[in-house]
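Fold and contact review
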Amino acid sequence: FAQRGRGSAIDSGSVLRLGTLVIAAAYSLIGVYRLTMGGVSIFVGDSLPTYVMARSLEPSGYSFQYGLNAVGSHWGIVALKAGFFATTLAEVASPLCLISNNVRRSWLAIMSAFHVMTLLTMNILFWENLVLIVLFFTELPTVLAVKLSAIHEVDAALPAHLSN
């Protein structure tokens, strides 16, 4: 990232914040598009239960049938629609994760539940999104970097015949 002899290097925190902004913007644009193109009808109509049923019946690498259970019950349909609405609101609010830890924690809970429920009810796994969420929206990379740095410092302090 940095050129030798020209200015200062870009720190890894800035790169992580930029990556988080890009992912948050993508999620936000998806939510805004859904609201503007689908309107209220996608949350109150039959399109979501119909889609869940169709996806549950399609052959896939997964064999979950929970979507059929959900669309077979009035309260299951209500839960699907409420979850879809909450997910859309969380998507629209994604950029706020950059400025509020409380929003980020709520967002993580909603989006994690969305991804798990999408797998269980529609046999769709967005594993790439889950990896990006862990990398950009949790503290895991920082915790791992600190632990690896501590291990490296201990290893560097060992006499040459004891280190690898």
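Structural data are supplied above this passage.
Residues numbered from 1 in each chain as written. Predicted model: local features only at pLDDT ≥ 70, side-chain atom pairs only at ≥ 80, totals over all residues. Heavy atoms only, no water.

1. Examining the layout of surface pockets
Picture a little ball the size of a water molecule; that probe, rolled over the atoms, points out where space is still empty. Here is the rule we go by: Of the two site types, the cavity is a set of points on a 1 Å grid over the protein atoms alone where a 1.4 Å probe fits but cannot get out, and the pocket is an open set with protein on both sides within 12 Å along at least five of seven lines, each lined by residues with an atom within 4 Å of a point. Grid points are joined across faces, edges and corners, and a volume is the space filled by probe spheres set on the points. Numbering of helices and strands runs from the N terminus, with a helix taken as a DSSP run of H or I at least four residues long and a strand as a DSSP run of E at least two residues long. Gly is placed with the polar residues, together with every amino acid not listed as nonpolar (Ala, Val, Leu, Ile, Met, Phe, Trp, Tyr, Cys and Pro) or charged (Asp, Glu, Lys and Arg).
Its boundaries defined by the atoms lining it, the largest pocket holds a volume of some 580 Å³. As for the largest pocket, its lining consists of 27 residues, and the residues nearest its centre are Phe84, Thr87, Phe114, Thr118 and Met122. If one sorts the elements of the lining of the largest pocket by residue count, helix 6 (residues 101-122) sits on top with 8 residues. Looking at the lining of the largest pocket, its residues break down into 18 nonpolar, 7 polar and 2 charged. Quantified by volume, the second largest pocket comes out at close to 340 Å³. What lines the second largest pocket is a set of 17 residues, among which Arg17, Thr20, Arg104, Phe136 and Thr138 lie closest to the centre. Of all the elements in the fold, those that place two or more residues in the lining of the second largest pocket are helix 1 (12-38), helix 6, helix 7 (127-137) and helix 8 (140-157). A breakdown of the residues in the lining of the second largest pocket according to their chemical character gives 8 nonpolar, 6 polar and 3 charged.

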